Amino acid sequence: MANQDTTRRETLSMTGLRSVSRRDVLKGMAVVAGAAAVPTILAACSSGATTAPASVAPPASVVPPASVAPASAAGVTGTVTVGSNHSDASEVKGMTAINAAFIAANPGVTVTMNPVDHNTFQNQIGAYLQGTPEDDFTWFSGYRMRFFASKGLTTAIDDVWAKVSSNFTGAFATAVTADDGKVYGIPVDYYPWAVFYRKSVFSDKGYTIPATWADFKTLCTKMQTDGLIPITFGDKDGWPAMGTFDILDLRLNGYDFHTQLLTGKQKWTDAKVTTVFQKWAEIMPFHDKTYAGLTWEKACDTLIQKKSGMFMFGLFLTGEFSSTGTPADLADLDFFPFPAMGTQYDAENALDAPIDIWMVSAKSPTLQADLDAAKAYMEFWSKGSTQLLMFQNQPGFIPTANDADSSSYDPLTKKAVQIVSQAKKITQFLDRDSRPDFAGANGMQAFLQKFLANPTQDTTALQAEIQAYWEALPPATV
Amino acid sequence: MPDPQAIGLAPASVSTGAGAIASGPRKRKHRYSILTRRDKVVLFLMVGIPTALTIIFIWLPTLASILLSFTNYQGIGGITAANIVGLKNYQFLATGYVLFWPAVAHNLMWLLFFVFIASPIGIFFAVLLDREIRGSRFYQNIFYFPVVLSLAVVGFIWELQYAPDGFIDSALGLTSQNNAIDWLGNPSLNIWAVLVAASWRHVGYIMVLYLAGLKSVDPTLREAAAIDGASEFQSFVRVIFPVMAPINIVIVVVTVIESLRAFDLAFIINQGTNGLELLSTLITNNSISEASLIGFGSSIAVVLLVISLVPIVLYLSRVMGSASE
C-alpha cells in the first residue's frame, strides 16, 4: 500500500510564475476552470491519455499520463498526495483534468496521485489508512466514513466545510458529519439506484412504466412471453443483490426500519425481513437465470443488446452504455423509480443514492507539511466546476455542489437529480450503511446469494444465521 | 527412533569427556575442540541464519495467528484485554458460521478428487508416454502446458469455457436462457467445474513428475518381469510401482499440498463465494478484505493449520522412521 513506486504515480509539478494570493485564485476559479483555460488543459490531458492507452490495461493499478501544460496563477504551494480509487479509464481522465486544473489555480503546488483499482482500494482501506496513506483520498459517506473517523484515522475538516458549506444542501451536510459532530469529508458526487430500461424497447413493444408491484409483475410476464429476460441481473461480485434488498426493504418496511436493521437496532429474524424475501421471491423467476455467474457489466450487456427488459441498478451503468461506441445507446437509456408496494412507506420515495466523498487522512507522513495544500485540494473539490470535470468524463457521477452548472446535464441526469430531490429519505447502499465486516463477501453478500440460490425457501433458518453472524461480530464502535 | 545425540547438534563443540559436562559452568577448564574458531563461525552462520529465518517468517507468524485467533482484533490500533474473546471464534465457526462446514467439505472434496482422479490420470498419462509412443514429446508438452500457465490465466481460460455463452454450453447446444447450464454460477455445480479446471493443471504436473521417475527405472526389471511371463499390467503393479516408492511419496505429498492450498482458482472466479468457499478464501475474505476480521480469520487459519499438520506429521514420521531404520 501507498508505495513510493513512482511508476504508479502521476506527478504533476509546476513552479510559480506570477504571484497572486490564494483568495484571488479561488474567487477566479469559476472563470479559470470554466472558461478559456479548460480547453487547453483538457487538450493536454486527453492527448496524454491517447498516447498512453496501456494505462487502462492492468486492473491492479492504472498509470495515467503525466503531462500538464504550465499555467500562470498562484495559490498554495507545496505538495498534496492523493489516493484515488478512480481506476476506470474515463475516471482517470477526469482525475487528470481535475489535478491539472488544481495546479493551474495553484502554481507551485505539486499533485502526486496514486490511483488504485477500485475494489483493491476498498479491500485494503483499513491497512492503507493505518500505514502511509496519501494526504487526501477518495471514500464513501455513511457508516463507512464514520467508521474510520471514529478510529481517528481521518482528519476533521470543519474549517474547510465552514467555507464551502453554503454550496451544499442539508442532506449532503448530514452525510459528511460524523458522530462527534465534526465534518470529515467533501461530498463530490452521487448516483441514484433505479430501474433502467431502453426507451426503444418499451415503445416498440408498447410497454408502460409500472407504477405498482402488480403492474411490475404483469410487465415482467409480458416481457417473458415476448422472449425477453424481464430483469437482467449479475450477482457474481456479491454486492449488486444488495440494491434489490435495499429498495424492497425501504418500500415494504420504511427508512427507519431499514437503517435500524443495518445498524443492529432491529433483528434480522424480524417477520418484516421475511416479507422482503417473500416479495423478492415473487420476482426472482423473472431475473436472468445465469445471474450468479455474471458480473454486473455482463448483465448490463443484455440490456444494451435488447435481450433483457429492465435492470435494477445504479446510474453509473451509463459507463457501460457509453462504452458501446454508439451514442444512440446512451440516448436510448431511461429509468423509472422502483414501483410502489402498497405500503405507507411508498410515500417516502426512498432510494439508494450513494454519495462519494473526499477525505483527509490522519497518518499520512507528509500531512503536516502539506496540510494547507491538502485542504486547498478539498476546497477545490467542493466547487461545481471541479466536479463537472469528472462528470464530463463519467456521466454516472452527478455533481453535488449547488453551483455546478446543470445546463450541460443530459435528460437522464436531469431526471436522476429530480428523483433524488423528490425522495424524502435517501440511503447510501447496504454496504455503506452497515458495518463493512457485516456486508462483506463472506457475510451479507454470501447470505443473499444463499437466498437467491433458492428464493422460495423458508427463510427462517437463513435469517437466524444472518442474526447470529451479526451478533458474533466484534462490538461495534460506531 | 533416531539417536538423541545424532539430532542434538551437540557435536558442534565436542568436549573432552563427560567430566567437562558434569563440572558444568566452571569456565577455567580448557576445552579442546576439533573445530577451529572459523569452523564454528561458519557452522553458526549456516545453522543460525536458516533457523532465524524460519523462526521469524514461519514460527512467529504462526504463533501470532494462533494468539490472534483468541481475539476479536480488527486491525486498527493495539490489542487490549477487551479484545480477548477466548474460544468464541472457534465456537462460532463450529456452530454458527454457515460457510465454515461447506468450506471444509470443499477442501476435502478437492483433496479426494485430486487423490483419486487427477493424480491417477497423471500417472496413467506418464505410463502411456513412457512407452515411447509416436509423438511422445508432443503429448508431454501439451499435457504439461497448463502447469506453465499462471493460475490467473487458467482461471480466465476456464471462465470463458464455462460462461453461459461460452464454449461448453455452446457445444452442448444450450444457449437459451432457460436451459443454459450456469457452470460457475450454480452453487452446487461450480465446485465440480472448478475441480475439473484445477485437475486440468494438476494432471500435467503429476505426469511430468512421474515420467521423470519412470525414466530412471532400471529397464532390466521390466525385461526380467517380461521373461517371467508378467503381463504389462502385472509388471507395472508388481514391479514398477513398488520400485517407484520414493516418487509415489512425492506424488502424494504434492497432491495433498496442492489440495490444501487450493485458493487461486476459486478466488479468481468469484472470490470464493456462492458454492466455492474454501478455508483459504474464507481466511482472505474475512481478514484481508475491508471486513478486517483479523481475529476471526486467524481462527480459520488455525483450523487449516491443524488439518495440514495431519499429512505433514504422517509424512515426516514416515521419512524419519525410515531414516532411523
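Our subject is the structure that appears above.
Residues numbered from 1 in each chain as written. Chains lettered and ligands numbered in written order. Predicted model: local features only at pLDDT ≥ 70, side-chain atom pairs only at ≥ 80, totals over all residues. Heavy atoms only, no water.

**Q** Quick question: what am I supposed to make of the sheet that holds strand β10 (residues 333-336) of chain A here?
**A** Strand pairing in a sheet relies on backbone hydrogen bonds, with the paired strands running either antiparallel or parallel. Residue and element names in this part refer to chain A. Read across the sheet, four strands follow the order β8-β9-β7-β10 without closing on themselves; strand pairing throughout is mixed. Only two strands of the sheet have a single partner each, and these edge strands are β8 (229-232) and β10. Across the sheet, the mean angle separating the axes of adjacent strands is 30° when strand polarity is ignored. Where β8 and strand β9 (residues 308-314) come together, three bridges link them in parallel fashion. Across the sheet, the residue bridging to Thr232 is Phe311, located in β9. Contacts between helix α11 (residues 240-262) and the sheet are confined to β7 (193-198) and β9, with β9 contributing the most and set at about 85° to the helix. Packed on one face of the sheet, helix α18 (residues 411-422) meets β7 and β10 and runs near 15° to β10. (Pairing = 2+ DSSP bridges. Helix = DSSP H or I, 4+ residues; strand = E, 2+ residues; numbered from the N terminus. Axes fitted to C-alpha atoms, helices over the stretch in contact; angles between N-to-C directions. Contact = heavy atoms within 4.5 Å.)

**Q** How do you make sense of the packing of aromatic side chains when you look at a structure like this?
**A** Applying the stated criterion across every chain yields a total of 58 aromatic pairs over all chains. For the ring pair Tyr97 of chain B and Phe296 of chain B, a centre distance of 5.1 Å and an interplane angle of 80° mean the geometry is edge-to-face. On the criterion of sequence distance, the pair formed by Tyr97 of chain B in the loop between α4 (88-95) and α5 (100-129) and Phe296 of chain B in helix α15 (residues 294-324) is long-range, its members being 199 residues apart. Here the two residues Tyr97 of chain B and Phe296 of chain B agree in accessibility, since each one is buried. Aromatic side chains Phe263 of chain B and Phe267 of chain B sit 4.9 Å apart centroid to centroid with 20° between the ring planes, which places their arrangement in the stacked category. Taking relative accessible area as the criterion, Phe263 of chain B reaches 24% and is therefore assigned partly exposed. What links up through ring pairs into an aromatic cluster is the set Phe245, Trp268, Phe277, Trp280, Phe438, Phe447, Phe451, Tyr469 and Trp470 of chain A together with Phe92, Tyr97 and Phe296 of chain B. (Phe/Tyr/Trp six-rings, centres within 6.5 Å; stacked < 30°, edge-to-face > 60°. Buried < 20%, exposed > 50% of the residue type's maximum accessible area, 1.4 Å probe, protein only.)

**Q** In this structure, what is going on with empty space enclosed by the protein? I would like to understand it.
**A** A water-sized probe, rolled over the atoms, reveals where empty space remains. A full pass over the atoms with the stated rule returns five cavities of 30 Å³ or more. One number sums up the size of the largest cavity: a volume of about 120 Å³. In terms of lining residues, the largest cavity is bounded by Tyr469, Ala472, Leu473 and Pro474 of chain A together with Asn72, Val85, Lys88, Asn89, Phe92, Leu293, Gly295 and Phe296 of chain B. Of all the secondary structure elements, the ones that give two or more residues to the lining of the largest cavity are α22 (460-472) of chain A together with α4 and α15 of chain B. Among the residues making up the lining of the largest cavity, the classes are represented as eight nonpolar, three polar and one charged. Quantified by volume, the second largest cavity comes out at close to 70 Å³. Counting residues per element, the ones that place at least two in the lining of the second largest cavity are α5 (125-130) and α6 (143-150) of chain A. (1 Å grid on protein atoms, 1.4 Å probe; cavity = no way out; pocket = protein on both sides within 12 Å on 5 of 7 lines; lining within 4 Å. Points joined across faces, edges and corners; volume = space filled by probe spheres on them. Nonpolar A, V, L, I, M, F, W, Y, C, P; charged D, E, K, R; others polar.)

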